[in-house]
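Examination of the molecular architecture
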Amino acid sequence: MLRTQLLQNVCLRVALRAAGQRAATPTSHGCLHYAMGVTRTTMLPSSVISYNSYATAAAPITSTNKKRTGKAGSGAESSPVKISVEDLWTQLETYYKHHNVFRFEHCDRLLQRLEATALGEKLPLNAAQLQFLLGSCVPELLPVQTSKERLLLFRRIWAQLLRVEQPTLSHYHTQLQMLRQNQLPLPDHRALLAEIATYNGAPDAVLYSAMLDVAGASGNMRQATELLAEMRQLNFALTEGNFHALLLGHARSGDLPGVKNVLNSMLAADIPHTVSTQALCFVSYVENAELDKARDLLKQHADQFNAPQLLQMLRAVMSCPKVDRQLMQQLVTQLPKEYVNDVDVPPAINSLCIQLLHRGQAELMIQLVMTLPVPSYNEKQNIDGYGSLLLQELFRAHTPLEQMLQFAGQLRERGQNTRALQVLTELALRRQPSVALSCLEALSTAGESLRPHYFWPLVLHQHKREGERGVLRLLAEMQRLGVECDEPTLRVYVLPNLWQTLQQPRQALQQLDDVGVRPSQTMVHVLTQLLQQQQVSQAQELLQLYPTRLQLSTMVAPLAALAVHLRATKRYGPFAQLVQALQQRSLQRREDFVGALLLQMCAPQLRLSQEPESLLRFLHELQRLELKVSPAAAESLLNTASNSDVETRQSIAKTLQKMRNPELTLPADAVTSGGFIKHPRDMSLDELECHLIELEAKQLNTRGVLRRLLQLSVRDGRLERALELQAKCEALRVQISPGMLAAILDLHIKLKNLTRAEQSLLRLQQTYPGFQIDEHKLIDYAALLVHHAHLDQAKQLLQRRAEQQRINGGDYVIKNVWQLLNNVAQLAAKEPLPASGLSVTFETFEFLRKLGYCQAHNALLGPVLREWLLRGDLDAAVAEFERLATRYKHTPLQFELLSLLVKLSNGDETELARFAGTTKESAQQHLAAVTAIVTRVHGAVNMNSALLLALAESGTETQLRRLIINPEFRLNPDQLLKNCEHLGQEGAVRTLLRLARGARGLQRSIDEQRIYDMLLNQFVKTNNYEGALDLYDRLQADDELKVSQDFVRNLVQLLQVNNVEVPSSIALRAQIR
């Protein structure tokens, strides 16, 4: 396998020296240099090379190509997890090991971390690693970026190198190689020579030759002439490589006669025209559109060129505005067999194909790959790796779907990668679900069988994008493609995402049947949901309508839970009728479903075993309908009634005797011992309370239950009960465990009792010095200290923890950190501004970030901005907002700030009084500035959605409607819906109602009825029937609005679940009898 000499110089310099090989200077201009016998999956060395500082140290940059870098950049910005430099280096190394190219995003993230390192602090990378990164800034290794982008990246790496060591001569050679391969000019060679001479001595002929190569590669003949003059003064003899540099320089300056003169000069100097010279002549002809001469030269020297020369010539052909495809095929055909006969696209061609893709030349890339020979695999080789990187790059380059399918299809047809369509489909499911269905269709057309789990990511994508309608549409597509939903697909992915549809079971089963999901597949799941909602009559109607066989084992638990409710309401008959209907449709006719259900009903947590009279009533109704149980179930049930009176026990025995059927078999997972008592660690809070009462009544040991109950009560927020339990533990002198002490500390933190919290913490540290308190509890305690104006003490506490133990931080403690920062903002607003001019909250945030408790997050930056708002300094708040947006790409308190500025712009006197010195005009200026900042960070469409909600919150109805009616006002429907759902969760009913009314009658992406349904669904989730009724009354007061029938039905269901009488007006609308 062939590898570039650049990587030889960069990665294997030490190894080559040890092998006694002479390091060759660049002699072939504008091409890639190769050496034989290096394996394809070369591992990056742990220490490697560097670059020159002829340009100033560059600030952090990102690629200007949004198409390539936007996604990765946003992902890095929004990620709250702090990745170490070692992990980032490993990512870069692993990607290079597998693909022989680098991704700009990996290099950029690594450099961002290095640039964030404070001056004077030791960098995590050594000079050799930085030099390796310098050597990567060439077209072959970073094929996606432009030459200018690679240059900017190089400057950033060079700036980091200067922090580690003074550049050596090898670093400057790496710089010159980068400039030559990127065809970039050397601005001032004399300045560079002076810089090198300062630390590395006088320049030699090798260095002058390298600079001459750069001048020639960039076509700068004026500089080349100056260099030749200096070389002549220093008595440096001209080599073949120097003539090649001049030849290429004349060619790239458009001077073909000059090329001829160089060739004559070579002969005059007794330097023959080698094959390398002919390769450069070919490049010269191609770059100057002399294709006929190039063809003649290729024909004249056929089969004489080696792989590096052919690849150099191929790159020249592919760089032409109009590519000669026949010439391209001739060059590829002449490549050595040992180079192209591999299980993947050769590295240099792979890199060239990536460049073509990102230049929008996918058709040309496909034709180039199709000219390569079909690989032959052995038994141990991966057969789906050929072109896998190019399949990934199709998505990164946003290639049209037709060309994606064309490339994968041709790889499959030619036998280069028989699983190319499968690989493309998997990538689409991960990266771009919107095109995955077309890929699956192509896979089916190619004769591959599709399986249900292929569609799992699509179900989630469709639900997120189009809601339940999208899920049903996808099921119809699965039916069209001949894919039948299996049980896991329905249970885990489909039915949980059809919650609203399943509210009307009949219609739901019909809709699912229309898209290929048979009622026999969904009946059990729909019935389970009806049983959980205690809708017995609807379940019976469904069973009568669809007489299908059912697997009843999964329905035992919901039926047993339903029995608890029906026992309380004395509805034993309907329960028995439902059990009979289910039994008649059982798939396992010899399995004792009734017995298993009764045993589950008698389990300790359902307490039916302690009410034998109720058990007898259930048995009577079941026996009346001639339902049978197995002998094992009858014996076990009889044992549960052993503590009842004689008469009841005899009645139960007689009834069970009539119900016995020896042919029935109890399922293996049924409880046959009358149930078991859970361990306290497995009990819920209510179960623990009952267990405590039982233990106290029997005067048994309650210490373990008290400990567990205290911890769960604190965790669940039952603080008054937790105080009672603590007093009880102290009275009984219960031995305190470290977990229990931590719970007591948490209790007093939540009660904001600093004195008791300090005592608990001191006791915990003295009693169990090795016990580490959870991070979130420690942060909550620090927040309590700040609440009582002890900010310095809180910082010391957090500092000590960071010194003693590694901090995990992350999403786990983000709410706790937010509360801490919010307390800091409240405290700081009451005190004078520090002399530094920075807010105390921002300094605290930076303090926490450096210790590892958090990273930049939109929510955590909110308190930083809030401090200025609490101080009443609007100018400083807007300035802080701009600074945070510029530095972190976040817009904290965006909705609140926009709403406030809208109020102030409309002259709200209350708000103007809060912010001294603020006028309507200045507020309008601030509003324009904030909207511009949001547009810069999130885009104009998302900013419009935010502004619309701000107007709905604080603007006038005229302003709101004027904005919506404007045809140039574009919205992001998904983002708007997401924001509306968040406001609904926050209880902003008035804001959403104003938005809905403002959109009435306008054909925009804002669905008025959907907003009302969303509000009602939020009330349903929180079981807030009073809020739902208030919403209905508000809507009824609007004469122009007619509430949908679905809205009314859902409201009625919420009222019925809470046993609230349905008002007559609502009952009439819902047609309830």
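If you're wondering where the values come from, they're calculated on a predicted model, not measured in any experiment. (Residues numbered from 1 in each chain as written. Predicted model: local features only at pLDDT ≥ 70, side-chain atom pairs only at ≥ 80, totals over all residues. Heavy atoms only, no water.)

Moving on, we come to the overall build of the chain. Counting its regular elements, the chain contains 58 helices and two strands. Residues classed as buried in the chain amount to 52% of the 1073 residues present. By sequence separation, contacts in the chain at least 24 residues apart represent 72% of the contacts at least 6 residues apart. For the chain, the exposed area adds up to about 50400 Å²; of that, 49% sits on carbon and sulfur atoms. (Helix = DSSP H or I, 4+ residues; strand = E, 2+ residues; numbered from the N terminus. Buried < 20%, exposed > 50% of the residue type's maximum accessible area, 1.4 Å probe, protein only. Contact = heavy atoms within 4.5 Å. Areas by Shrake-Rupley, 256 points an atom, 1.4 Å probe, with all protein chains shown as cover.)

Tracing the backbone through its elements, the reader meets Arg-707 in helix 38 (residues 703–716). Classification of Arg-707 by relative accessible area gives partly exposed; the value is 21%. Taking the C-alpha atoms as reference, Arg-707 lies 8.9 Å from Gly-739; in sequence the two are 32 residues apart. With residues up to four places along the chain from it excluded, the contact list for Arg-707 reads Val-734, Gln-735, Ser-737 and Met-740.

We now examine the state of the cysteines. Across all of its chains, the model carries zero disulfides by this definition. Cysteine Cys-107 shares no disulfide, and the gap to the nearest cysteine sulfur, in Cys-137, comes to 6.9 Å. (Disulfide = S-S within 2.5 Å.)

Moving on, we come to helix 30 (residues 536–545). The set of residues buried in helix 30 consists of Val-536, Ala-539, Gln-540, Leu-542 and Leu-543. Along the axis of helix 30, the buried residues cluster in a sector spanning 160 degrees; they form a single face. (Arc of directions from axis to C-beta.)

Because each turn of an α-helix spans 3.6 residues, side chains separated by three or four positions end up pointing in the same direction. In this model helix 51 (residues 940–954) runs 21 Å from its N-terminal to its C-terminal C-alpha over 15 residues, within 8% of the 21 Å that 1.5 Å per residue would give. Across the 15 residues that make up helix 51, a large majority, twelve, are buried. Turning to helix 51, its buried residues are Val-941, Met-943, Asn-944, Ser-945, Ala-946, Leu-947, Leu-948, Leu-949, Ala-950, Leu-951, Ala-952 and Ser-954. (Expected span 1.5 Å × (residues − 1).)

Attention shifts here to the packing of aromatic side chains. Inspection of the entire model under this criterion finds twelve aromatic pairs. Seen from their ring centres, Tyr-96 and Phe-132 are 6.1 Å apart, and the 75 degrees between their planes marks the pair as edge-to-face. Placement of the pair is Tyr-96 in helix 4 (residues 85–99) and Phe-132 in helix 6 (residues 127–135), with a sequence separation of 36 residues. Accessibility classification places Tyr-96 together with Phe-132 in one group, the buried group. On the numbers, 5.2 Å between centres and 70 degrees between planes, the contact of Phe-575 with Phe-618 is edge-to-face. One end of the pair, Phe-575, is in helix 32 (residues 572–584); the other, Phe-618, is in helix 34 (residues 612–624), and 43 residues separate them in sequence. (Phe/Tyr/Trp six-rings, centres within 6.5 Å; stacked < 30°, edge-to-face > 60°.)

Let's shift gears to the environment of Leu-637. Here Leu-637 is to be found in helix 35 (residues 631–640). Here Leu-637 is in contact with Leu-598, Leu-599, Cys-602 and Leu-656, once residues within four sequence places are set aside.

Turning next to the packing of helix 22 (residues 401–414) against helix 23 (residues 420–431). Working note: a packed helix pair is described by the angle between its axes plus the distance between those axes. One can describe the packing of helix 22 onto helix 23 by two numbers: an axis separation of 8 Å at closest approach and a directional angle of 150 degrees. Judged by the inter-axis angle, helix 22 sits roughly antiparallel to helix 23. For the pair formed by helix 22 and helix 23, the contact residues are Met-404, Leu-405, Ala-408, Leu-411 and Arg-412 on the first element and Ala-420, Leu-421, Gln-422 and Leu-424 on the second. Of the residues contributing to the contact of helix 22 with helix 23, the split by class is seven nonpolar, one polar and one charged. (Axes fitted to C-alpha atoms, helices over the stretch in contact; angles between N-to-C directions. Parallel < 35°, antiparallel > 145°, perpendicular 65-115°, else oblique. Nonpolar A, V, L, I, M, F, W, Y, C, P; charged D, E, K, R; others polar.)

Moving on to the nonpolar core. Membership of the largest hydrophobic core comes to 208 residues, with the highest contact counts inside it found for Phe-282, Met-365, Leu-368, Val-369, Phe-407 and Leu-582. In this structure, Leu-582 is in contact with Leu-527, Leu-543, Leu-550, Leu-552, Met-555, Leu-559 and Phe-593, ignoring residues within four places of it in sequence. (Core = buried A, V, L, I, M, F, W, Y, C linked by side-chain atoms within 4.5 Å.)

Bringing the packing of helix 20 (residues 362–370) against helix 22 into the picture now. Contact geometry for helix 20 and helix 22: axes closest at 10 Å, N-to-C directions at 5 degrees. Relative to helix 22, the element helix 20 lies roughly parallel. Residues Ala-362, Glu-363, Met-365, Ile-366, Val-369 and Met-370 of helix 20 lie in contact with helix 22, whose contacting residues are Gln-403, Gln-406, Phe-407, Gln-410, Leu-411 and Arg-414. The residue makeup of the contact of helix 20 with helix 22, split by class, is seven nonpolar, three polar and two charged.

Along the polypeptide, Gln-521 turns up in helix 29 (residues 519–532). Leave out the neighbours within four places in its chain, and Gln-521 touches Glu-484, Cys-485, Leu-490 and Gly-516.

Here we come to the pattern of salt bridges. Using the criterion set out here, one finds 35 salt bridges in the structure. Between Arg-473 and Glu-466 there is a salt bridge, with its nearest N and O atoms 2.0 Å apart. Overall, Arg-473 belongs to the partly exposed group, its relative accessible area being 39%. Connected through shared salt-bridge partners, Arg-190, Arg-222, Glu-226 and Glu-230 make up one network. (Salt bridge = Lys/Arg side-chain N within 4 Å of Asp/Glu carboxyl O.)

Quick look at the confidence of the model for the chain now. Summarising the model, the chain shows a mean pLDDT of 83, and 88% of its residues fall at 70 or more. Confidence drops under pLDDT 50 across residues 1–80; counting only partners more than four residues distant or on other chains, this segment forms 216 contacts. (pLDDT = per-residue confidence, 0-100.)

Although it is not a glycine, Asn-100 adopts a positive phi angle of roughly 60 degrees. Mapped onto the fold, Asn-100 is located in the loop between helix 4 and helix 5 (104–115). The class for Asn-100 is buried, based on a relative accessible area of 2%.

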